[in-house]
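# Report on the structure
Each chain is listed here by its residues.
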Amino acid sequence: MASSTPFDRCECCGKPSSTTVKVRACARCRSVGYCSKECQRIDYVTDRQLRRGHKFQCHPKSVTMANDTQQSKPQAPSVITGNIEDNDTTVRLEMQRPDASGQWDDVGPINLLEDVASLSLQSNRAGISNGLPTMKKQQTSAQPRHLKQLPLNTQKILSGNADTYRYRHSADGVDENLMILLHGAGDTHIPFDKLGQQMELPQTATLSVSAAMSLRLPNNAAKSSFTQLPFGLGHTWFEEMDYVSTGETLLDDNPRRLKSLKHAVECLDTLICSLVGNGSHDCNDDRNTWIPERVFFFGFSAGACLAMEFCREWFLKGRTPFGGAICVAGGIKTATTVTSNDTRQSKQPTDVLIIAGSNDAIFSKEAAYKSKKLYVTECSCSEVHVHVEHGKEHAMAGSKVEMRVVMEYLSKRLVRRMVGMAGESVAS
């Protein structure tokens, strides 16, 4: 059941709030919102064995029972007693009398799904002054949070694209790294937003973007978009097939494919430069921008090809390398660079992890090793790791072995911020 607290978009499907769609808050924690009971049900438990889903993060929100007529009086301390389990709907509330006796009175039980007014009514019926309920497990000093909003330049670029991206803070409250997720042809950003949540990367915010977005490129008054597929099949990042006449796959060095890929790289470059400041060796002083070495890419199929191509172009422009790129069932296919005529090179290129399937007819293991060779040829001193999953066809990484490979790759590259109790922190 959800309350009427407004939210910008649905936690499950990403649908934005509007005059026709009301996104209501979870009545228990009020930290997420849903557009329907069905979305709330789907998002409640996504994997019981791995404890994934909103159920395992949903905790009652602390509430303050205010009484304007008694603001000058000292508030009575109170505490919720007992261990609160994930499926609990009621707890017991004890409140201490403000008089000299200091006696504690049981004013519960209270229903965690009810609103503040109901809780206030229960305490008034008990004849006790209103106080501030807190859970015992929340009484310890909270660690300071280091959250980043999207930079102002990024917000301008993404204006009017609310339905085509999703930005999430790190679950642990420290946005030290940023993972950018790029989907495959015909897909959307929503499943990849869920993937970013399920990975639960420490101190890592996620930005899942859709090829359906339109971006305003520098020196271009009109907005530029990626490639729209025919027959309402969705969007992709660049043209891989002849969608106009034959419907056949374009050759890797087909001028039409390369022109479309060049445009996609330019669009992505505009977005990424806004996230890392000016994209050069000198980092912007905006506290909401990321250092390039702490930005990571995760792409599937066409999204993987775009991510790897972009990292190659970024290197050839002499820019600071990213933290890493994970390319699933996709990678660069030609030795021809699509945008860069700049011979300046940064000291170190971005490292890449390629995951391919032994039975993949679209991006074979031979294609994966070809991508590695092409990348290393242009980006000397780079580390390109190839993992071939036995028996796998053209599909997202989903096995335990594949996810272990991904996590081992990231564990060596993600930056951790050591947060002190006083709020001081240092990156390591």
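Scroll up to find the structure.
All residue numbers refer to position in the chain's written sequence, counted from 1. Restriction of local features to residues with pLDDT of at least 70 applies here, the model being predicted, together with a cutoff of 80 or more for giving and counting side-chain atom pairs; totals for whole chains, interfaces and linings are based on all residues. As a rule here, side-chain values cover all heavy atoms of the structure and leave hydrogens and water aside.

Judged by nonpolar contacts, the single largest core of 55 residues is most densely connected at W237, I272, L275 and F297. Not counting the four nearest positions on each side in its chain, F297 is found in contact with M179, I180, I272, A307, F310, C311, F322, G324, A325 and I326. In this structure, L195, I326, L410 and L414 belong to the second largest nonpolar core, which totals 20 residues. Nonpolar core, defined: a set of buried Ala, Val, Leu, Ile, Met, Phe, Trp, Tyr and Cys residues in which side-chain atoms within 4.5 Å join the residues together. Any residue under 20% of the maximum accessible area for its type is buried, any over 50% is exposed, and the rest in between are partly exposed; the area is computed with a 1.4 Å probe on protein chains only. Contact criterion: two residues are considered in contact whenever any of their non-hydrogen atoms come within 4.5 Å of each other.

Let us now look at the side chain of Q203. Numbering of helices and strands runs from the N terminus; a helix is a DSSP stretch of H or I covering at least four residues, while a strand is a stretch of E covering at least two. If you trace the backbone, Q203 turns up in the loop between α4 (190-199) and β11 (204-209). For Q203, a relative accessible area of 9% puts it in the buried group. There is a polar contact of 2.5 Å between the side chain of Q203 and the backbone nitrogen of R417. If we skip the residues at most four places from it in the chain, Q203 touches S170, D172, V174, D175, E176, N177, V415, R416 and R417. Here a polar contact means two N or O atoms within 3.5 Å. Within protein one must be a hydrogen donor candidate and the other an acceptor candidate, and residues neighboring in sequence count only if both atoms are side-chain atoms.

Taken together, 7 strands build an open sheet; the order of strands is β9-β11-β10-β16-β17-β18-β19 and the sheet is mixed. In the strand order of this sheet, the two ends are held by β9 (165-168) and β19 (384-389), each with one partner. Geometrically, the sheet is characterised by an average inter-axis angle of 15° between neighbouring strands, direction not taken into account. Between N-to-C directions, angles span 0 to 180 degrees; the directions come from axes that are lines fitted to C-alpha atoms, helices contributing only their stretch in contact. Docked against the sheet, helix α6 (residues 302-316) engages β10 (177-182), β16 (295-300), β17 (324-328) and β18 (352-357), running at close to 145° with respect to β16. The pairing criterion for strands is at least two bridges between them, as found by DSSP.

This brings us to the pairing of β11. When you tally the buried positions in β11, you get 6 out of 6 residues, the bulk of the element. Note: β9 against β11, 4 bridges, orientation antiparallel. Bridge pairing in β11 places R168 opposite T206. Of the strand pairs in this sheet, β10 and β11 are connected by 6 bridges, and their pairing is parallel. Note that in β11 the partner of L181 across the bridge is S208. By the criterion used throughout, a crossover qualifies as right-handed when its path from the first strand across the helix to the second strand runs clockwise, the strands pointing away from the viewer. Handedness of the β10-α4-β11 crossover: right-handed.

This part covers the packing of helix α5 (residues 255-275) against α6. Following both chains from N to C, one finds α5 and α6 inclined at 70°, their axes separated by 10 Å at the closest point. With respect to each other, α5 and α6 are oriented roughly perpendicular. Of the residues in α6, those touching α5 at R257, L261, A264, V265, L268, D269, I272 and C273 are C305, L306, E309, F310, E313 and W314. Under the scheme applied, nonpolar residues are Ala, Val, Leu, Ile, Met, Phe, Trp, Tyr, Cys and Pro; charged residues are Asp, Glu, Lys and Arg; polar residues are all the others, including Gly. Here the contact of α5 with α6 is composed, by residue class, of 10 nonpolar, no polar and 4 charged. By definition in this entry, angles of less than 35 degrees are roughly parallel, angles greater than 145 are roughly antiparallel, angles of 65 to 115 are roughly perpendicular, and the rest are oblique.

This part is about the packing of α6 against helix α7 (residues 365-378). Two numbers describe how α6 lies on α7: the axes approach to 10 Å, and their chain directions differ by 10°. By the angle class used here, α6 and α7 are roughly parallel. Taking contact as the criterion, the partners of M308, C311, R312, F315 and L316 in α6 are, on α7, S371, K372, L374, Y375 and E378. Classifying every residue of the contact of α6 with α7 gives 6 nonpolar, 1 polar and 3 charged.

Right, let's get into the packing of aromatic side chains. Each aromatic pair joins two rings of Phe, Tyr and Trp (for Trp, the six-membered one) with centres within 6.5 Å, and gets the label stacked for planes under 30 degrees apart, edge-to-face for over 60, and tilted for any other angle. Applying the stated criterion across every chain yields a total of 7 aromatic pairs. Considering the side-chain rings of F310 and W314, the 5.5 Å spacing of their centres and the 45° angle between planes classify their relative orientation as tilted. Of this pair, F310 and W314 are both found in helix α6, 4 residues apart, which corresponds to roughly one turn of the helix. Of the residues examined, W314 reaches a relative accessible area of 1% and is grouped as buried. Both rings, one in F310 and one in F322, keep their centres 5.9 Å apart while their planes meet at 25°; by these two values the pair is stacked. Of this pair, F310 sits in helix α6 while F322 sits in the loop between α6 and β17, and the two are 12 residues apart along the sequence. The pair formed by F310 and F322 is uniform in burial state, with each residue classed as buried. Members of the aromatic cluster, each reached through a chain of ring pairs, are F297, F310, W314 and F322.

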